[in-house]
Each structure stands twice: as C-alpha cells, then as structure tokens.
Amino acid sequence: MSQAKKSASRRTFLVGLLTGAGAAVALGAVPRKVAARKKPARVASAAGPILYRRTKDIERYYKTLYT
C-alpha cells in the first residue's frame, strides 16, 4: 500500500471510531422519559404478613406426606 492510502484508511477508521463513541455517549446522556412509579405500601396485619393460604390442594398434599 502506498503511504497516502495507509493514512487515509487510518483516518477513516479513527473518524468512525470517534463517531461511534460520540453516539454512544449521546445516547447514554439522554434522560429516561418513563419515571418509576412508587408502589403503595401494603399494610401487614397485626399477626404479620400472610405467607401462604391453606387451600384444598395444600391440605391434600400434607395428608399424603403424613400418611
């Protein structure tokens, strides 16, 4: 390759690299449009939070364990 062709290809590579880096920085600096919503706080009962509910299926499962 000739000297002029080498420097031209390096120059285009560097320009592309800097352009890509600039675009990445610009996209990273854009603020988010969707703000996070706060979830309403759940009020726990006096006995504490309910961890599970005993249903017919759960009762049947426990009966199979202990028999």
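See the structure printed just above.
Calculation notes
- Residues numbered from 1 in each chain as written.
- Predicted model: local features only at pLDDT ≥ 70, side-chain atom pairs only at ≥ 80, totals over all residues.
- Heavy atoms only, no water.
- Helix = DSSP H or I, 4+ residues; strand = E, 2+ residues; numbered from the N terminus.
- Buried < 20%, exposed > 50% of the residue type's maximum accessible area, 1.4 Å probe, protein only.
- Areas by Shrake-Rupley, 256 points an atom, 1.4 Å probe, with all protein chains shown as cover.
- Patch = residues over 30% accessible without salt bridge, like charges linked within 9 Å, V, L, I, M, F, W, Y side chains within 5 Å.
- Salt bridge = Lys/Arg side-chain N within 4 Å of Asp/Glu carboxyl O.

(A) Quick look at the overall build of the protein. Looking only at helices and strands, the protein features two helices and zero strands. A total of 67 residues make up the protein; the buried ones form 1% of that total. Working note: accessible area of the protein is about 7300 Å², and carbon and sulfur atoms make up 63% of it.

(B) Seen up close, a nonpolar patch on the surface. Residues Phe13, Leu14 and Leu17 make up a contiguous nonpolar surface patch of about 330 Å² in total accessible area. Tracing the backbone shows Leu14 in helix α1 (residues 3-29). Take Leu14: its relative accessible area is 47%, and that puts it in the partly exposed class.

(C) Representation of the pattern of salt bridges. In this structure the tally under the stated criterion is two salt bridges. A salt bridge links Glu59 to Arg54; the shortest N-O distance between them is 2.5 Å. The exposure class of Glu59 is partly exposed, given its relative accessible area of 31%. In this structure, Arg60 and Asp57 form a salt bridge, with 2.9 Å as the shortest nitrogen-oxygen distance. Here Asp57 and Arg60 lie together in helix α2 (residues 56-66), a separation of three residues that amounts to about one turn. Take Arg60: its relative accessible area is 55%, and that puts it in the exposed class.

Read these as geometric descriptors, not functional statements.
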